[in-house]
Amino acid sequence: MRIAFLTNENSMHINIKAKYFTQKEDSVYFFAMRCIDNHETTKIKYRENLKVYTFAFSYNHDWKLIVHNVLKIYQSIKKNKIQIVHIIEMTFCEYAIALGLLGVKIVLENNGSDVLLAPNNAALRKKYQYAYRLAKAVVQDSFSAQQAGIALGAPKNPNEIIELGIDTNIFNPYIEQGRFRKQYKIPMDATVLFSPRAFCSLYNIPLIIKTIKPIIDEFPNTYYVFCTYVKNRKYQSKIEKLSDNVIFLGYLDNERDMPQIYRDSDMVLSIPDSDSSPRTVYEAMACGSTVIVSDLPWIQGKFVDGKELFVTDITNPDQLLTMIREIIQKRKYIDREAGYDKIKDILDYRNSAKKLRKLYQSILQGN
């Protein structure tokens, strides 16, 4: 098959989704959308065999720019005989509409926050509905995102739940421990808390920052580690002033660096306001870290609070602080083996990619 993905140039979706298809006999293209709205980001490194075309875009919906991009993208589609364009994020629904009207076979993917946090806006709803109508299929990574999308006009069929998944050959509890600690001179007996989410308001980074001083004051042999591809100087400045036991890493290569950090982290904190299928949580669990997450619907029916991970109420900051204390004091434990087994069973990226392939084939066969 000849497949193209279209999404933000820094989306981690692209490398995971492209990984399976670039290893097969498929031709894989990426229309990488580069934001020009002064958002400070670090460009990720793409996979080999992924043919990348970069386009500028604005969250302010510059129609002149959109029309220019659509024409260039359509030329690339015709030139490379691309059969399906998989658009990730409803931010780019105008591209789904325009390319769909030009006869391109579109798969439209809701990111969880696209639909779970969509404002009650008539114009936005109409735009979403038009894009959904022109798409050959809609996918997302959770039941909650699926239901939110349907409420905004997505069709009930074809409408698939296909999680991104992770590579359990790379993220697993058998990785050698100590390499990250040694590199950053963290004592082997120290407690390490790791925040892998972007420095955006959605991820409640300030709640994590508020725990730093009381935890390090009480447990001096504790280190906080942060990484993000989205730069936020306000957050970074606050973090760096709190303690010498805080490490800011910036952007890291997902498959080269992250497994080592997860493996050397005692706790991984992921407490956003909205989430539907958090890859960083799955990666951390696969590597055997104790994960603390916010109380959101994606957990229900998948993981058990107090067994494979811990759930905190983000409206009660004291609960997060107490939970961290109890884990450090070894009064709370998770079943690391059960967490890894479940991730390997239901969230390996190869299983997700096979579902996508089946969907693409069905579209190309006219089903």
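In this report, we go over the structure that sits alongside the text. Since we're looking at a predicted model, the values are computed, not measured. Just so you know, the residues in each chain are numbered from 1, in the order the chain's sequence is written. Whole-chain, interface and lining totals are the exception, using all residues; otherwise, since this is a predicted model, local features are given only for residues with pLDDT of at least 70 and side-chain atom pairs are given and counted only at 80 or more. With hydrogens and water stripped out, all remaining heavy atoms of the structure feed into the side-chain values.

With that settled, consider the environment of isoleucine 292. Within the secondary structure layout, isoleucine 292 lies in strand E12 (residues 290-294). The spacing of isoleucine 292 and proline 259 is 33 residues in sequence and 17 Å in space, taken between C-alpha atoms. Two residues form a contact once any of their heavy atoms are found within 4.5 Å. Dropping the residues within four chain positions of it, isoleucine 292 is found in contact with Met267, Val268, Leu269, Ser270, Ile271, Phe310, Thr312, Leu320, Met323, Ile324 and Ile327. What counts as a helix is a DSSP run of H or I of at least four residues, what counts as a strand is a run of E of at least two, and both are numbered from the N terminus.

At a minimum axis separation of 10 Å, helix H8 (residues 205-218) and helix H9 (residues 233-242) run at an interaxial angle of 10°. Regarding the angle of H8 to H9, the classification is roughly parallel. When H8 is examined against H9, the residues Ile205, Pro206, Ile209 and Ile212 are found in contact with a partner set consisting of Tyr235, Ile239 and Leu242. Grouping the amino acids of the contact of H8 with H9 by side-chain chemistry returns seven nonpolar, no polar and no charged. Interaxial angles span 0 to 180 degrees and are taken between N-to-C directions of axes, which are lines fitted to C-alpha atoms, for helices over the stretch in contact. Reported orientations rely on four angle classes, namely roughly parallel under 35 degrees, roughly antiparallel over 145, roughly perpendicular from 65 to 115, and oblique for the rest. Polar here means any residue other than Ala, Val, Leu, Ile, Met, Phe, Trp, Tyr, Cys and Pro, which are nonpolar, and Asp, Glu, Lys and Arg, which are charged; Gly is therefore polar.

Next up on the list: unusual backbone geometry. Between asparagine 157 and the following residue, proline 158, the backbone shows a cis peptide bond with an omega angle of -5°. With respect to the helices and strands, proline 158 occurs in the loop between helix H6 (143-151) and strand E7 (159-161). With phi around 55°, histidine 61 is a residue other than glycine that occupies positive phi space. By secondary structure assignment, the location of histidine 61 is in the loop between strand E3 (50-57) and helix H2 (63-80).

This part is about the sheet that holds E7. By this definition, two strands are paired if DSSP reports at least two bridges between them. Strand order in this open sheet of seven strands is E3-E2-E1-E4-E5-E6-E7, and the pairing throughout is parallel. A single partner strand is all that each edge strand has here, and the edge strands are E3 and E7. Averaged over all pairs of adjacent strands, the angle between their axes in this sheet comes to 20°, without regard to strand direction. Direction of pairing for strand E1 (residues 2-8) relative to strand E4 (residues 84-88): parallel, over a ladder of four bridges.

Judged by pairing direction, the sheet is parallel, and its six strands sit side by side in the order E10-E9-E8-E11-E12-E13 without closing on themselves. Two strands in the sheet have a free side with no partner beyond their single neighbour: strand E10 (246-248) and strand E13 (310-312). Between one strand axis and the next, the sheet turns by 20° as a mean value, whatever way the strands run. Bridge count between strand E8 (residues 191-195) and strand E11 (residues 267-270): two bridges; the pairing is parallel. Counted as the bridge partner of leucine 193 is methionine 267 from E11. Here helix H11 (residues 279-286) sits on the sheet in contact with E11 and E12, set at roughly 155° to E12. Each of E8, strand E9 (222-226), E11, E12 and E13 is contacted by helix H12 (residues 317-328), which is oriented at about 155° to E13, the strand it contacts most.

Here a Phe, Tyr or Trp ring, Trp counted by its six-membered ring, pairs with any other such ring whose centre lies within 6.5 Å, and the pair is stacked when the planes are under 30 degrees apart, edge-to-face when over 60, and tilted otherwise. Overall, the coordinates contain 18 aromatic pairs when judged by the stated rule. Residues phenylalanine 199 and phenylalanine 226 carry aromatic rings whose centres are separated by 6.0 Å and whose planes lie at 80° to one another, so their mutual orientation is edge-to-face. On the criterion of sequence distance, the pair formed by phenylalanine 199 in the loop between E8 and H8 and phenylalanine 226 in strand E9 is long-range, its members being 27 residues apart. The rule is simple: take the accessible area with a 1.4 Å probe, protein chains only, and divide by the maximum for that residue type; under 20% is buried, over 50% is exposed, in between is partly exposed. A relative accessible area of 0% means that phenylalanine 226 is categorised as buried. Any Lys NZ or Arg CZ found within 6 Å of a ring centre and within 35 degrees of that ring's normal is scored as a charge over the ring. The ring of tyrosine 29 carries the charged tip of lysine 51 above its face, separated from the ring centre by 5.2 Å.

With that out of the way, let us pick up the pattern of salt bridges. The term salt bridge refers to a pairing of a side-chain nitrogen on Lys or Arg with a carboxyl oxygen on Asp or Glu at a separation within 4 Å. All told, the structure shown has 17 salt bridges when counted by the stated rule. Taking the shortest distance from any N to any O, the salt bridge between aspartate 167 and arginine 350 comes out at 3.2 Å. Residue aspartate 167 is found in the loop between E7 and helix H7 (179-183), and its partner arginine 350 is found in helix H14 (residues 349-364); the two are separated by 183 residues along the sequence. Of the charged contacts in the structure, one is a salt bridge between lysine 332 and glutamate 326, with a shortest N-O distance of 3.8 Å. Overall, the relative accessible area of 28% leaves lysine 332 in the partly exposed class. It is possible to trace a salt-bridge network through shared partners that takes in Lys19, Arg47, Asp167, Glu255, Asp348 and Arg350.

The definition used for a disulfide is geometric: two cysteine sulfur atoms within 2.5 Å. Enumeration according to the criterion identifies zero disulfides in this entry. Free of any disulfide, cysteine 93 has its nearest cysteine sulfur in cysteine 35, 16 Å distant.

For the rest of this paragraph, the subject is the packing of H11 against helix H13 (residues 336-346). Running from N to C, H11 and H13 point in directions that differ by 125°, and their axes come no closer than 8 Å. Between H11 and H13, the angle falls in the class oblique. Of the two elements, H11 crosses H13, and the hand of that crossing is left-handed. Of the residues in H13, those in contact with Tyr282, Met285 and Ala286 of H11 are Gly339, Tyr340 and Ile343. Looking at side-chain class alone, the contact of H11 with H13 contains five nonpolar, one polar and no charged residues. Each helix crossing is assigned a hand: it is left-handed if the near helix lies turned anticlockwise from the far helix by less than a right angle, otherwise right-handed if that turn is clockwise.

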